[in-house]
Amino acid sequence: MAISLTISTKELERQAIAAFQGKTYKVFLALNTTSLTADSTTAAWEAIECSGGGYAAATGTIAAGSYNAGNARYQMPVITATFTATGGGFSYNTVCLKIGTELYLHSITTESPTVVLAAAQSKSYTITLAQDD
């Protein structure tokens with residue numbers, strides 16, 4: 001006898017709305033020369049956030065999403081974070097995503113080798129938040 005479980009698209013929507021919709025986000029860069037991990041606190045990561053050289057975090061509010069049948073998941077609108085250096089530029093090796101006022105980050109992306117952005121150079125990151133089964 002086979003048993004099959006199907007999670008409704010409306011349940012995926014409910015979960016995504018509870019987790020993301022209407023919450024603020026901050027995408028920021030850090031130069032992690034210590035032993036911080038994805039399980040380190042938001043405060044620890046923000047303590048090593050880049051500064052100077054034209055650096056500015058990307059911030060906003062997560063808007064309503066929709067169900068994507070092709071990917072079988074509920075997706076929020078894509079977050080695009082672009083960082084542009086001026087003057088002396090800046091270096092980083094970690095892209096951090098903070099949602100709301102959570103004590104821990106949503107996620108980190110590690111770059112290897114360290115990225116060095118010189119004056120007038122830019123780099124963009126595209127982040128998709130989704131809820132699937």
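Scroll up to find the structure.
Computed from a predicted model, the values in this text were never measured in an experiment.

Draft legend 1. Representation of the environment of Ile7 within the structure. By the element assignment, Ile7 lies in the segment before helix 1 (9–19). In sequence terms Ile7 and Gly70 are 63 residues apart; their C-alpha atoms lie 16 Å from each other. Not counting residues up to four positions away in its chain, the partners in contact with Ile7 are Leu12 and Asp133.

Draft legend 2. Fine view of the sheet that holds strand 3 (residues 66–68). Strand order in the open sheet made by the three strands is 3-4-9, with antiparallel pairing throughout. Of all the strands in the sheet, just strand 3 and strand 9 (130–132) have a single pairing partner and so form its edges. Going from strand to strand, the sheet's axes swing by 30° on average, the running direction of each strand aside. Here strand 3 pairs with strand 4 (residues 73–75) via three bridges, running antiparallel. Across the sheet, residue Asn68 finds its bridge partner in strand 4, namely Arg73.

Draft legend 3. Quick peek at the sheet that holds strand 7 (residues 107–117). One open sheet accounts for four strands, arranged 2-1-6-7; its pairing is antiparallel. The open sheet has two edge strands with one neighbour each: strand 2 (58–61) and strand 7. Ignoring which end each strand starts from, the neighbouring axes of this sheet average 20° apart.

Draft legend 4. Seen up close, unusual backbone geometry. For the bond running from Ser112 to Pro113, omega is 5°, close enough to zero to count as cis. Mapped onto the elements of the fold, Pro113 is located in strand 7. The phi dihedral of Ala72 is positive, around 55°, even though this residue is not glycine. Assignment of secondary structure puts Ala72 in the loop between strand 3 and strand 4. Among the residues examined, Ala72 registers a relative accessible area of 34% and is labelled partly exposed. One non-glycine residue with positive phi stands out, namely Ala120, at about 75°. Given a relative accessible area of 70%, Ala120 falls into the exposed group.

Draft legend 5. Up close: the environment of Thr80. For Thr80, the position within the fold is in strand 5 (residues 79–84). Spatially, the C-alpha atom of Thr80 lies 8.3 Å from that of Ala58, the residues being 22 residues apart in sequence. Those residues in contact with Thr80 that lie beyond four places of it in its chain are Tyr125 and Thr126.

Draft legend 6. Examining the packing of aromatic side chains more closely. Scanning the entire structure with this criterion turns up five aromatic pairs. With centroids separated by 5.5 Å and ring planes inclined at 80°, the aromatic side chains of Tyr55 and Phe90 adopt a geometry described as edge-to-face. Of the two residues, Tyr55 is situated in the loop between helix 2 (42–47) and strand 2 and Phe90 in strand 6 (residues 90–99); the sequence distance between them amounts to 35 residues. Residue classification places Phe90 among the buried residues on the basis of a relative accessible area of 6%. These aromatic residues form a ring-pair network of at least three members: Tyr55, Phe83, Phe90, Tyr92 and Tyr125.

What counts and how
Residues numbered from 1 in each chain as written. Predicted model: local features only at pLDDT ≥ 70, side-chain atom pairs only at ≥ 80, totals over all residues. Heavy atoms only, no water. Helix = DSSP H or I, 4+ residues; strand = E, 2+ residues; numbered from the N terminus. Contact = heavy atoms within 4.5 Å. Pairing = 2+ DSSP bridges. Axes fitted to C-alpha atoms, helices over the stretch in contact; angles between N-to-C directions. Buried < 20%, exposed > 50% of the residue type's maximum accessible area, 1.4 Å probe, protein only. Phe/Tyr/Trp six-rings, centres within 6.5 Å; stacked < 30°, edge-to-face > 60°.

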